[in-house]
Amino acid sequence: MAFTALEMLAEAGQLDREIILLLNSEEEVGSPASRPITEKLAQECSAVYVLEPAQGLAYKTSRKGTGNWRLAVEGLAAHAGVDFTRGRSAILELGRLIDKVSSWTDLKRGGEKGTTVNVGVIGGGTKSNVIPAEAWAEVDVRVARRADGPRMEKRFAELKPTPKSGCLLTVEGGINRPPMERTRGTVKLFRQAQKLAAELGWELTEAGTGGASDGNFTSALGVATLDGMGAVGEGAHATHESVLLEHIAPRTALLAGMLAG
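Residues numbered from 1 in each chain as written. Predicted model: local features only at pLDDT ≥ 70, side-chain atom pairs only at ≥ 80, totals over all residues. Heavy atoms only, no water.

Thoughts on the packing of helix 1 (residues 2-11) against helix 7 (residues 248-260)
The geometry of helix 1 relative to helix 7 is characterised by a closest axis approach of 9 Å and an angle of 55° between their N-to-C directions. Considered as vectors, helix 1 and helix 7 are oriented oblique to each other. In this structure, helix 1 meets helix 7 at a crossing whose hand is right-handed. On helix 7, the residues touching Ala2, Thr4, Ala5, Leu6, Met8 and Leu9 of helix 1 are Thr252, Ala253, Leu255, Ala256, Leu259 and Ala260. (Axes fitted to C-alpha atoms, helices over the stretch in contact; angles between N-to-C directions. Helix = DSSP H or I, 4+ residues; strand = E, 2+ residues; numbered from the N terminus. Parallel < 35°, antiparallel > 145°, perpendicular 65-115°, else oblique. Left-handed = near helix turned anticlockwise from the far one by under 90°. Contact = heavy atoms within 4.5 Å.)

Description of the sheet that holds strand 3 (residues 65-74)
The strands that make up a sheet pair up through hydrogen bonds in the backbone, lying either parallel or antiparallel. The antiparallel open sheet is built from 4 strands, whose spatial order is 5-7-3-8. The sheet terminates laterally at strand 5 (116-124) and strand 8 (168-177), the two strands that pair on one side only. Across the sheet, the mean angle separating the axes of adjacent strands is 15° when strand polarity is ignored. Relative to strand 7 (residues 134-143), strand 3 runs antiparallel, the two being bridged by 10 bridges. The partner of Asn68 across the bridge, within strand 7, is Asp140. (Pairing = 2+ DSSP bridges.)

Focus on the packing of aromatic side chains
Taken as a whole and assessed by the stated rule, the structure comprises 2 aromatic pairs. For the pair Trp69 and Phe156, a centre-to-centre distance of 4.1 Å together with 10° between the ring planes defines the contact as stacked. A residue pair is termed long-range when its members are at least 10 positions apart, and Trp69 in strand 3 and Phe156 in helix 4 (residues 148-157) qualify at 87 residues. Residue class for Trp69 comes out buried when judged on its relative accessible area of 5%. For Phe156, a relative accessible area of 1% corresponds to the buried category. Seen in terms of ring centroids, Trp104 and Phe156 are 5.1 Å apart; in terms of plane orientation they differ by 90°. Their pairing is edge-to-face. Note that Trp104 is positioned in the loop between helix 3 (90-102) and strand 5 and Phe156 in helix 4, a separation of 52 residues in sequence. (Phe/Tyr/Trp six-rings, centres within 6.5 Å; stacked < 30°, edge-to-face > 60°. Buried < 20%, exposed > 50% of the residue type's maximum accessible area, 1.4 Å probe, protein only.)

Digging into unusual backbone geometry
Positive phi, normally seen in glycine, also occurs at Ser31, with a value near 55°. Take Ser31: it is sitting in the loop between helix 1 and helix 2 (35-42). At His237, a position not held by glycine, the phi torsion is positive, near 65°. Within the secondary structure, His237 is located in the loop between strand 11 (233-234) and strand 12 (242-243).

Structural notes on the environment of Glu153
Looking at the secondary structure, you find Glu153 in helix 4. Counting along the chain gives 33 residues from Glu153 to Gly120, while the straight-line C-alpha distance between them is 18 Å. If we skip the residues at most four places from it in the chain, Glu153 touches Trp69, Gly174 and Ile175.

Okay, here's the thing in structure tokens:
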């Protein structure tokens, strides 16, 4: 879509400004290497258009921020039959911690279903007849407001094991992407896109999403950012993930119109 939109503008003699096209292959893992490049280039631009998939048919004007943490519990191994009371179960303590961090979910905080804490992966133990000496969990956190990022980081930093558990706890991680909030600059871009879409004969709507993109980085820098300008599809991250072909041409035309400015 990006290449075609640029080609359309070139053929029409309307490429009268510098347009930077940045392709990033590691966005799904947090953009650890590309983030500085993205932020540097964004600060040279008047606007950022993110060709992530649409939210339904809508452009995305806000996104949640994301954070990732790992909780590692160290207990004491012992024979489950012979020395049960001598053991210190890392799994049992991890279960308590999972219950605690999960209680930090607040669906009313910040809109768009608020702050969520999801323990998505866990592991630990060796055999059923051994008190487990090790256990760990990976935690996904989503926040709708920038102020909630430091608040969650403080909560995880202050997390402690139950005093009587006899276990040790190591906490690693933090906020990876700040929220992309619905700023005036983003709304202005969306209104422009909405007007162009109407001229093309279709209605464009806006939406927020719990997913994050590199648009979170650029918006946090104060650069007007409009997201979800790519293909329309279904089944994101599922085996039936697909693109709906009938929407490609009109959305590419809209993208070209936005680039022409």
